[in-house]
Amino acid sequence: MTNLFAYGDFISHAGKPLKWKIECDALTTNDWDCLAHMVMERQKEPFKSVEGIPRGGVPFANALSKYATGDESHQPMIVDDIFTTGKSFTDYMKENYPDKISAYGYRWVVFARKKSNVYPFSVRALFTMEG
């Protein structure tokens, strides 16, 4: 069994040293479905599709995909499990949407280590640590 919270020496996606981490591999399919439902209580704008930033965002995207409209006039939703520095979102947008403005798409994470709902990230989080 994997614990949701682990302490030790870890390195973030951005190469930042961390003394603890949230291990979202501990979440079950039912957990992801519940988290998706929580997002949908807050997400008022429709979205055409859901894209999970590999690797942590994929199970979250899978759980949210049933809410996607498929309508090409709507923007996509881009999700990840944890926001630490924003590097994964920056890298994902540069790779997948190089010609779009930085505000393109709706963005969600489950956990944010710091406030992430400000430019340039505009990522909404279900749970945010106080900074």
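For the structure, check the block above.
Keep in mind the model is a prediction, meaning the values are calculated, not measured.

About the criteria used
- Residues numbered from 1 in each chain as written.
- Predicted model: local features only at pLDDT ≥ 70, side-chain atom pairs only at ≥ 80, totals over all residues.
- Heavy atoms only, no water.
- Buried < 20%, exposed > 50% of the residue type's maximum accessible area, 1.4 Å probe, protein only.
- Helix = DSSP H or I, 4+ residues; strand = E, 2+ residues; numbered from the N terminus.
- Pairing = 2+ DSSP bridges.
- Right-handed = clockwise from strand over helix to strand, strands pointing away.

(A) Local environment of the pairing of strand 4 (residues 77–83). In terms of residue burial, strand 4 counts as a mostly covered element, since seven of its seven residues are buried. Sheet topology note: the strand 3 (residues 50–52)/strand 4 ladder contains three bridges and is parallel. The partner of Gly52 across the bridge, within strand 4, is Val79. As for the winding sense of the linkage, the β-α-β connection from strand 3 through helix 2 (residues 57–64) to strand 4 is left-handed.

(B) Structural view of the pairing of strand 5 (residues 106–112). Strand 5 sits mainly inside the fold: six of its seven residues count as buried. Note: strand 4 against strand 5, six bridges, orientation parallel. In the sheet register, Met77 faces strand 5, and the bridge partner there is Tyr106. In the classification by handedness, the crossover that spans strand 4, the intervening helix 3 (residues 87–96) and the parallel strand 5 is right-handed. As defined by bridge partners, strand 5 adjoins strand 6 (residues 123–128) across five bridges and the pair is classed as parallel. Of the residues in strand 6, the one forming a bridge with Ala112 is Thr128.

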